[in-house]
Amino acid sequence: MRSWLILLLLVVSFIAKGQQQDSTFTKKAVKSTQYEFLFSYYQQGGNHSAITGGTGTEELKVFINKLNVTHAIDSFNTILIEAGVDMISSASTDKIDFRLSSASAEDNRFWIAAGYQRGSKDKRQLFGLRPSLSMESDYFSWGLNGWWTKRNDLNNWRYGVNMQVFADDLRWGRLNAEYKRPVTVVYPVELRDSVWFDIYMRYTANIDFDIQHDINRRMSIGFFPGIIFQSGLLSTPFHRFYFAGATKAVVENLPQQRVKIPLGIQLNTFIGARMVLQLYYRYYWDNYGINGHTINLETPIKIIPQLTIVPFARLYSQKGAKYFFPNKTANTTEAYFTSDYDLSRFTSFKYGAGIRFSSVRETFFRQISLRYAHYSRSDGLYFNQLSSYFNMIGK
Amino acid sequence: MHIRFNKSIYFSVITLVLGVFAMSCQTVKPYQRSYLNDSAMKMGLTKGAGIESYAQMIREGASGAGGKNGGGCGCN
């Protein structure tokens, strides 16, 4: 009996069909699209406007609107699109023409960038290229950004190079209904009987390096050296400058070549199971004589996995440019001169906090965050900024 | 008030960094990356901080090293 049963099982095993391979099955790459919306309100005050020779209001309000779309075509190819509009209301810009509520009091900045990124087959390298355009009433800028990143097989070393070039045309007129073309560099209204500069282009090229290493399971470090070259019209043509004892202004004049070298280092580490310490230091040097030191501290704290609060503080100290002179203090023998307090000697402090809510499930919504910062400078300039960020995914 | 960053501060920062490195180095295996893969451990600026960096770049003479590097705007 047992032998008949075994024989029956053997026969059944030969004629029974197992799982058939579906010959119509094909591998499909999962496409995904990520949408990021960024809105920010920036409000500034101060009393050292460079437009009026280092004195006068610096009140400024900007509404910043930005959209980023990242579309993964497949596992290797990604398309990047970014666009934005900044709506600017400036009390000091009004002083270019000394007309209250003139067209110069309000301006808009438009910009767009479209890029392509490709990953290598081993998924350890990324290459990308991203051209961009930016436009405001008094400039038009072309830009090109290229990057390469690589990680090792354990993903505990990561390297990268990022290069950018910009060509800025500082002529006004493209957004003017009467001209609709570049016409002229904008000088202060009382100084337009002279041609102060025979050039109108500014060129910028920079290269940044990125070296990151995971020190242990909870700590990583990054080094960010870079170098920036600028040439062309580096003065702002509507900035006034007054020599000592002068009643009539001249246009500020800065050297037409500038080299900048920033060196940054960042340390990120988990403190306990819920708090991250992000400590960043940067040293800066340029040939205008500016030396700057930045210390930035952010401490994201996870209240629950979805909710994080992010208090932060930043301290910055700058030795001013050798061409900076306060209002009516420079001798007429100076070849280069500016009263732009952004290039002066000062210390600044920024503090604030953010809150971030992230979805832990694969849903349409990924993240919402809100962030507030207050910044104050030792010369009296300050700003408040409130920013919101939304991140959503679609397929 | 202007804060001076003198040689003792440079030396302290460099010593701190090297000390952290020397005492803490470990090889991290892929299955040990739960903390490192957290979004809060990502280097560089978050989107909101990036927008502030743009304003700072214009309002301060220094730029670069993780922030916007200049060009693409009407500012010097």
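Residues numbered from 1 in each chain as written. Chains lettered and ligands numbered in written order. Predicted model: local features only at pLDDT ≥ 70, side-chain atom pairs only at ≥ 80, totals over all residues. Heavy atoms only, no water.

Let's talk about the overall build of chain B
Okay, step 1: Each helix and strand in chain B was counted, giving two helices and zero strands.
Okay, step 2: Looking at chain B as a whole, 49% of its 76 residues qualify as buried.
Okay, step 3: Of the roughly 4000 Å² that chain B leaves accessible, carbon and sulfur atoms contribute 63%. (Helix = DSSP H or I, 4+ residues; strand = E, 2+ residues; numbered from the N terminus. Buried < 20%, exposed > 50% of the residue type's maximum accessible area, 1.4 Å probe, protein only. Areas by Shrake-Rupley, 256 points an atom, 1.4 Å probe, with all protein chains shown as cover.)

Digging into the side chain of Lys350(A)
Okay, step 1: With respect to the helices and strands, Lys350(A) occurs in strand E19 (residues 346-358).
Okay, step 2: Look at Lys350(A) and you get buried, because its relative accessible area is 4%.
Okay, step 3: A polar contact is formed between the side chain of Lys350(A) and the side chain of Glu52(B), at a distance of 2.7 Å.
Okay, step 4: For Lys350(A), the residues in contact, after removing those within four places along its chain, are Phe312(A), Ala313(A), Arg314(A), Arg371(A), Ala373(A), His374(A), Tyr375(A), Glu52(B) and Gln56(B). (Polar contact = N/O pair within 3.5 Å; in protein donor to acceptor, adjacent residues only side chain to side chain. Contact = heavy atoms within 4.5 Å.)

Notes on helix H2 (residues 47-59) of chain B
Okay, step 1: Helix length check: H2(B), at 13 residues, gives a terminal C-alpha distance of 19 Å against a target of 18 Å (1.5 Å per residue), a fit within 8%.
Okay, step 2: Within H2(B), the full set of buried residues consists of Gly48(B), Ala49(B), Ile51(B), Glu52(B), Ser53(B), Tyr54(B), Ala55(B), Gln56(B), Met57(B), Ile58(B) and Arg59(B). (Expected span 1.5 Å × (residues − 1).)

Quick notes on the interface of chain B and chain A
Okay, step 1: The interface of chain B with chain A comprises 51 residues on the first partner and 96 residues on the second.
Okay, step 2: Buried surface at the junction of chain B and chain A, both sides included, amounts to about 6100 Å², of which 55% is carbon and sulfur.
Okay, step 3: Connecting chain B to chain A are five salt bridges.
Okay, step 4: For Glu60(B), the salt bridge is made with Arg314(A), and the minimal N-O distance between the two is 2.9 Å.
Okay, step 5: Considering each element in turn, the side of chain B that touches chain A owes the most residues, 10 residues, to H2(B). (Buried area = accessible area lost by both parts, 1.4 Å probe. Salt bridge = Lys/Arg side-chain N within 4 Å of Asp/Glu carboxyl O.)

Brief notes about the environment of Pro237(A)
All names here are of chain A.
Okay, step 1: Here Pro237 shows up in the loop between strand E11 (219-232) and strand E12 (240-241).
Okay, step 2: For the pair Pro237 and Gln385, spaced 148 residues apart in the sequence, the C-alpha separation amounts to 28 Å.
Okay, step 3: Contact partners of Pro237, with chain neighbours within four places excluded, come to Val185, Val186, Tyr187, Pro188, Phe197 and Val251.

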